[in-house]
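Summary of structural features
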Amino acid sequence: MDAEGLLASAAINLGLALVALSLFSLLKKQPGNAPVYLARRMAAGGGGGGLPLGHGRLTPSFRWIRAALRLSEDDVLRRHGLDALVVVRLFKFGLWVHFACLCFLSFYVVYLLHKEYKEMSSRRIAHLKYHRKRPDQFTILVRGIPLCPDHGTYGCYADHFFSKHYRTYQSYHIVHDIGNIEALQKLASSLEDKIKRKRETRRCNFWKWIWFKLTLEAIDTHKLEEKLKNVHHSIRLLQCENMLKRKELPVAFVSFKSQLDAAQAAEMQQHVNPLSLVTTYAPEPPDALWTNLAIPFFRIAIYKLGVFIAAFLLIVFFTIPVTAVQGIVQFEKIKIWFPPARAVELIPGLNSVVTGYLPSMILNGFIYLIPFAMLGMASFEGCIAKSQKEIKACNMVFYFLLGNVFFLSILSGSLLHQIGESFTHPKDIPSRLARAVSAQSDFFITYILTDGMSGFSLEVLQFGLLTWHFFKAHSIGHCEQPYLYGFPYYRVVPIVSLAVLIGLVYAVVAPLLLPILVIYFLLGYAVYINQMEDVYEITYDTCGQYWPNIHRYIFLSVTLMQITMLGLFGLKSKPGASFATVPLLVSTILFNEYCKVRFLPTFLRRPVQVAKENDDLNEAEGMREGDLDHAISAYKPPWMRPTNFSPDCSSVQPLIRSV
């Protein structure tokens, strides 16, 4: 890529970012757009906001960036949880790392990793103490429960076993295979919505009236109510005690009056057969994936194999767009192989746009779809919690980006030759990597520009959602329901971690990337603080379990940087520097092993010492019986909640209340 292509990419991305951010600052001030830009606040009952005319409502401003930067980490932790703080600190980490790249990079990164791991460990312990009355701290999940020999039920066996072996055992809640009750619940909600819209047809605008005439005219309200009654009756039958007894699964949530016993029960082997009474920490009640609790152990291994095969096929398929993108970057070779491509040069400036902006735009477009595909694959692995599923998707996305975006981008063009040479001459891998990395510096500069300037700007603008909201408001009527979605950790964490990796690898090879990355992390920090405050809902809090994954991503980044520099020193005929890099690489690997021993167990388990301190604090404060009862009642699935149906309120009240 030439200088003109790089300038064209920078100009297009900066221009698009300025336009998108200006539009966002204008549109956010309009009350009608509150369901898009203030979804979280509306859902929390904070109102839609908006400014009256004459108060800057029609002029763009960037005060939201100043407000985002002023929000303290303690406020983020209090409002959104520790996982949200992990994402925020990830952005801060990439700012400071790339400032430090100009000096002793490796030692400073290792120092920061140790500092962050220590900080997040202490914050996790403090977070566990602060939320010591949360139901999941008193509850464990038990799978593989044997049948009671006397009564032939799973619940009876669980009750006898834990009451015999644990003094503070409180109660259990057995999990049932409820079949299609969720589908019936969704059908009931759909019927209620149709009845409500049918009754509101007379009080709507012209276009909404036309829409209802085309879709709901042939539907009789009386028939809908009769069908809703039948669905309600079916749900009642599935919820009856006799039916539930026949649908018991060998899975139960078991609660204790003591966090100490809960922690010990979750960590210890309960039965002489390790496949019986398998205990783990219970997820938060809103975090639980109830349908996956019914999956037997032997199926999980099959599902994991299927997901691995699907991910491998996706990686193979993704080589096509990556290779095509690199073909556009190497436009000079294309003109030699395919002379008609020279027609692009006939239009002034088009060659710079094609080689400078188009490749990174195409690549980012494909990358945008990857997190959703990986999340869908992770859904089939049988994870018991949404957080587990998203952490799994987060790992899959990062390693996919590492292999298909980073390595495949720098090796494409002569991919098979490079791989063949690497296998036949493994000692030449560092020098080949250094040569390939140096050749692709311009491409990754444009990638960071596109992902940061355009990507973050379109994220805060919410262009797709805004378009859909505009279409609905001007066709079937204005919608007051907020578009509330959970924070996309599985999308944000791996993509930002890839930017950290690119920055570390290119810190010395392409110093021009450093100021661009500083802007990237600053803008991303402001954008996602704004999204956490106003748009996304924090649906769960794993008490910082994303951090060990982020640490591993950054460790791989430092290792790749050192291997690349090892090869680069060899290319520059500096054997002394190459040999001096080897101990640095070894010390980095040893540091990672130290972190596994020193910090990682804190994130995988809950220390007994902390559990005992929490019990003492609860006892000193006078733990109420209602708090203990809540620990097990919180784990009743939505379909076990009582129904509240009547013909008069069927169109307003939900058929089954959610947890």
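- Going by what an unreviewed UniProt entry lists, the protein chain is known as CSC1/OSCA1-like 7TM region domain-containing protein and is assigned to Oryza glumipatula.
- Word for word, the UniProt comment on the protein chain under Subcellular location (unreviewed entry) is "Membrane".
- UniProt annotates the protein chain under Sequence similarities (unreviewed entry) with the comment "Belongs to the CSC1 (TC 1.A.17) family."

Structural notes on the overall build of the protein chain
- A count of helices and strands for the protein chain gives 29 helices and four strands.
- Looking at the 659 residues of the protein chain, the share that counts as buried comes to 52%.
- Counting contacts in the protein chain only where the partners sit at least 6 residues apart, residues at least 24 apart contribute 82% of the total.
- Only carbon and sulfur atoms are counted for the fraction: they give 63% of the accessible area of the protein chain, which is about 31200 Å².

Description of the sheet that holds strand β4 (residues 278–281)
- Read across the sheet, four strands follow the order β2-β3-β1-β4 without closing on themselves; strand pairing throughout is antiparallel. Looking at strand neighbours, the two that pair on one side only are β2 (169–176) and β4, the edges of this open sheet. Direction aside, neighbouring strands of the sheet carry axes that sit 30 degrees apart on average.
- Alignment of β2 against strand β3 (residues 248–256), held across six bridges, turns out to be antiparallel.

Structural notes on the pattern of salt bridges
- Taken as a whole and assessed by the stated rule, the structure comprises 18 salt bridges.
- Among the ionic pairs, Lys596 bridges to Glu593, the shortest N-O distance being 3.4 Å. Of the two residues, Lys596 and Glu593 both sit in helix α26 (residues 575–598), three residues apart, roughly one turn of that helix.
- Among the salt bridges present, the one from Asp616 reaches Lys612, with a minimum N-O distance of 2.8 Å. Highlighted residues: Asp616 and Lys612, both in helix α28 (residues 608–621), separated by four residues, approximately one helical turn.
- Within this structure, Glu73, Asp74, Arg89, Glu116, Glu119 and Arg123 form a network of salt bridges that share partners.

A closer look at helix α24 (residues 513–534)
- Taking 1.5 Å of rise per residue, the 22 residues of α24 would be expected to cover 32 Å, and the 31 Å separating its terminal C-alpha atoms lies within 8% of that figure.
- Judged by how many residues are buried, α24 sits mostly within the fold: 19 of 22 residues are covered.

Some points on the side chain of Gln259
- Counting through the fold element by element, Gln259 comes out in helix α13 (residues 259–267).
- On the accessibility criterion, Gln259 (3% relative accessible area) is buried.
- Polar contacts involving the side chain of Gln259 include one to the side chain of Asn614, which spans 3.0 Å.
- Among residues more than four places away in sequence, those in contact with Gln259 are Arg132, Gln137, Phe138, Ala611, Asn614, Asp615 and Asn618.

A closer look at a nonpolar patch on the surface
- The grouping of Leu305, Phe308, Ile309, Phe312, Leu313 and Val316 at the surface amounts to a nonpolar patch, some 630 Å² of accessible area in total.
- Here Phe312 lies in helix α14 (residues 297–329).

Quick word on empty space enclosed by the protein
- In this structure the tally under the stated criterion is one cavity of 30 Å³ or more.
- In terms of lining residues, the largest cavity is bounded by 13 residues, among which Gln137, Gln259, Ala263, Arg606 and Ala611 are the most central.
- Those elements giving two or more residues to the lining of the largest cavity turn out to be β1 (139–143), α13 and α28.
- Looking at the lining of the largest cavity, its residues break down into eight nonpolar, four polar and one charged.

With respect to the packing of helix α17 (residues 358–378) against helix α23 (residues 489–505)
- With their axes 9 Å apart at the nearest point, α17 and α23 run at an angle of 130 degrees to one another. By the criterion of interaxial angle, the relationship of α17 to α23 is oblique. The interaxial crossing formed by α17 with α23 has right-handed handedness. Across the interface between the two elements, Ile367, Tyr368, Pro371, Phe372 and Leu375 of α17 pack against Tyr490, Arg491 and Ile495 of α23.
- Residues that form the contact of α17 with α23 fall into these classes: seven nonpolar, no polar and one charged.

Calculation notes
- Residues numbered from 1 in each chain as written.
- Predicted model: local features only at pLDDT ≥ 70, side-chain atom pairs only at ≥ 80, totals over all residues.
- Heavy atoms only, no water.
- UniProt positions renumbered as here; feature names shortened; annotations may be inferred.
- Helix = DSSP H or I, 4+ residues; strand = E, 2+ residues; numbered from the N terminus.
- Buried < 20%, exposed > 50% of the residue type's maximum accessible area, 1.4 Å probe, protein only.
- Contact = heavy atoms within 4.5 Å.
- Areas by Shrake-Rupley, 256 points an atom, 1.4 Å probe, with all protein chains shown as cover.
- Pairing = 2+ DSSP bridges.
- Axes fitted to C-alpha atoms, helices over the stretch in contact; angles between N-to-C directions.
- Salt bridge = Lys/Arg side-chain N within 4 Å of Asp/Glu carboxyl O.
- Expected span 1.5 Å × (residues − 1).
- Polar contact = N/O pair within 3.5 Å; in protein donor to acceptor, adjacent residues only side chain to side chain.
- Patch = residues over 30% accessible without salt bridge, like charges linked within 9 Å, V, L, I, M, F, W, Y side chains within 5 Å.
- 1 Å grid on protein atoms, 1.4 Å probe; cavity = no way out; pocket = protein on both sides within 12 Å on 5 of 7 lines; lining within 4 Å.
- Points joined across faces, edges and corners; volume = space filled by probe spheres on them.
- Nonpolar A, V, L, I, M, F, W, Y, C, P; charged D, E, K, R; others polar.
- Parallel < 35°, antiparallel > 145°, perpendicular 65-115°, else oblique.
- Left-handed = near helix turned anticlockwise from the far one by under 90°.

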